[in-house]
Amino acid sequence: MEPSITHKDIMAMRIIGILGPAQLELFMKQSELLNPTGKTKGFDNNEIYSSTSYLPIYHLISHNSKDPQETLTQVLKSLLFTRLLKESTDFFQQGTNQDLEDFVASLIFKHISNIKYNAISITHLKRTAAGTELSLAYATALYPLLSLCNHSCDPNAVPVKKFKHLETSLVTLKTLKAGDELFITYKPLFTHMKTSERQEHLRINYQFACACPPCLNNWSIKSIKQSDYSVEKGAGNTAQVKELSKYETLLHESDDEIKRGNYLKAIKILKPCLQHFTQKLNNQDEMNYFPSLNSLTQVSFELYKRALLRIIYKAQDFHSLYL
Ligand SMILES: [Zn+2]
């Protein structure tokens, strides 16, 4: 494999550059800051997890590479970057001791290996000539808090960059109860990839076996396609079937509104659907009796996500909804 410098490697250098030599020297002398004894990682000596401090970034999770070649490449990159800082910038003042250079190299190495597991992609939507929308990544960033979010192939939150601020917020995609864990996606979504493809992607890139509901229950991509989310006509002309048909019609209507670009209208139509399906989720008997209830529930969440994301990327609508 030909080693190459990636934008994530450059991020490792930027972190060191932002901290600056004076701050780094302080960290080096007070090694207790980076390796607190008996404290929770990322928390300072006062047990505070400060998102403006370097400590949470330093302690973000990393995995040792199983490939010795990759580890060697990361070590060489760290040494090369430290050399570049020394010879091409005034980062190291004259007389700086070798300890600080070694410390900087060790931090760059640490970040080169932890950035890939923690960086969050910031994307924006671009409309193509054909009228469809593409989600394009335009930046990658490390966040002390957001980077702690675990993955789900059916996430309940999405990171959103605010246009006029240097802030990224988590916007929830579902109704949550107090204490519910927030999940984002590390890219694989059950609506876009098969379970086996998602599992492989997460295992290779993030070194874990995903145990989210879509992976455990092998949710089908097909189940969210419009033509497939029909109510069981053969289940009898019961009140439940009529009720389901009503919500199915609403889902079709909101789907149409999204296609027309009326995202707020789509959300208004979806809200009662979401409320209805969220209640049904607690009734396992009914869920089992009407298999399409599962699909309709997934579709309503999916449509809501779609409408919400479109709004988020239309600044005007975004302001009217959230500000
Ligand atoms: Zn999963």
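Predicted, not measured: the structure shown is a model, and the values here were computed from it.

Reading the values: rules and limits
- Residues numbered from 1 in each chain as written.
- Predicted model: local features only at pLDDT ≥ 70, side-chain atom pairs only at ≥ 80, totals over all residues.
- Heavy atoms only, no water.
- Donors = N, O, S within 2.8 Å, 3.2 Å for Na, K, Ca; no water.
- Helix = DSSP H or I, 4+ residues; strand = E, 2+ residues; numbered from the N terminus.
- Buried < 20%, exposed > 50% of the residue type's maximum accessible area, 1.4 Å probe, protein only.
- Phe/Tyr/Trp six-rings, centres within 6.5 Å; stacked < 30°, edge-to-face > 60°.
- Lys NZ or Arg CZ within 6 Å of the ring centre and 35° of its normal.
- Expected span 1.5 Å × (residues − 1).
- Arc of directions from axis to C-beta.
- Contact = heavy atoms within 4.5 Å.
- Axes fitted to C-alpha atoms, helices over the stretch in contact; angles between N-to-C directions.
- Parallel < 35°, antiparallel > 145°, perpendicular 65-115°, else oblique.
- Left-handed = near helix turned anticlockwise from the far one by under 90°.
- Bend = angle between axes of the 7 residues up to and from the residue.
- Patch = residues over 30% accessible without salt bridge, like charges linked within 9 Å, V, L, I, M, F, W, Y side chains within 5 Å.
- Areas by Shrake-Rupley, 256 points an atom, 1.4 Å probe, with all protein chains shown as cover.
- Salt bridge = Lys/Arg side-chain N within 4 Å of Asp/Glu carboxyl O.
- Polar contact = N/O pair within 3.5 Å; in protein donor to acceptor, adjacent residues only side chain to side chain.

### Quick notes on the coordination of the zinc ion
Distances from the zinc ion to its protein donors, Cys 153 (SG), Cys 210 (SG), Cys 212 (SG) and Cys 215 (SG), fall at 2.3 Å. Expressed as a motif, the donor residue spacing for the zinc ion is C-x56-C-x1-C-x2-C. Linking Cys 153 in the loop between strand E3 (150-151) and strand E4 (157-161) with Cys 212 in the loop between helix H5 (195-206) and helix H6 (213-216), this pair joins segments that are 59 residues apart in sequence. Cys 212 carries the same exposure label as Cys 153, and that label is buried.

### A closer look at the packing of aromatic side chains
Taken as a whole and assessed by the stated rule, the structure comprises seven aromatic pairs. A connected cluster of aromatic rings, assembled from ring pairs, spans Phe 27, Tyr 54 and Tyr 58. A cation sits over an aromatic face here: Lys 110 above Tyr 58, 4.6 Å from the ring centre.

### With respect to H5
Given a rise of 1.5 Å per residue, twelve residues ought to cover 16 Å, and the 16 Å separating the end C-alpha atoms of H5 matches this to within 8%. Those residues of H5 lying buried are Thr 195, Arg 198, His 201, Leu 202 and Tyr 206. The arc that holds the buried residues of H5, viewed along the axis, is 130°, so those residues lie on one side. Pointing more than 90 degrees away from the buried face of H5 are the exposed residues Ser 196, Arg 203 and Ile 204. Buried residues belonging to H5 abut helix H4 (98-118), E3 and H6. Gln 207 lies just past H5 and shows a positive phi near 60°.

### Regarding the packing of helix H1 (residues 7-29) against H4
Between H1 and H4, the shortest axis-to-axis distance is 9 Å and the interhelical angle comes to 140°. Comparing their axes, H4 and H1 come out oblique. At the point where H1 passes H4, the crossing takes the right-handed sense. Two secondary-structure elements touch here, H1 through Lys 8, Asp 9, Met 11, Ala 12, Ile 15, Ile 16, Pro 21, Leu 24, Glu 25, Phe 27 and Met 28 and H4 through Asp 99, Leu 100, Phe 103, Val 104, Leu 107, Ile 108, His 111, Ile 112, Ile 115 and Lys 116.

### Looking at H4
Spacing of three or four residues puts side chains on the same side of an α-helix, whose turn is 3.6 residues. Its 21 residues place the ends of H4 30 Å apart at the C-alpha level, agreeing with the 30 Å of an ideal helix rising 1.5 Å per residue. Considering bend angle alone, the principal kink of H4 is centred on Ile 112 and spans about 25°.

### Overview of the packing of helix H3 (residues 68-88) against H4
In the contact formed by H3 and H4, the axes pass within 8 Å of each other and the chain directions differ by 130°. The angle between H3 and H4 falls in the class oblique. The two elements H3 and H4 meet at a crossing, and its hand is right-handed. Here Glu 70, Thr 71, Gln 74, Val 75, Lys 77, Ser 78, Leu 79, Phe 81, Thr 82, Leu 85 and Lys 86 of H3 come into contact with H4, specifically with Glu 101, Val 104, Ala 105, Ile 108, Phe 109, Ile 112, Ser 113 and Lys 116.

### As for a nonpolar patch on the surface
Taken together, the side chains of Ile 5, Ile 10, Leu 80 and Leu 84 present a nonpolar region at the surface, about 330 Å² in accessible area. Residue position: Leu 84 is located in helix H3.

### Structural notes on the environment of Asn 218
Within the secondary structure layout, Asn 218 lies in the loop between H6 and helix H7 (239-260). Judged by its relative accessible area of 52%, Asn 218 falls in the exposed class. Non-local contacts of Asn 218, meaning those with residues more than four positions away in its chain, are made with Thr 195 and Pro 213. In this structure the side chain of Asn 218 is engaged in a polar contact, spanning 2.6 Å, whose partner is the side chain of Thr 195.

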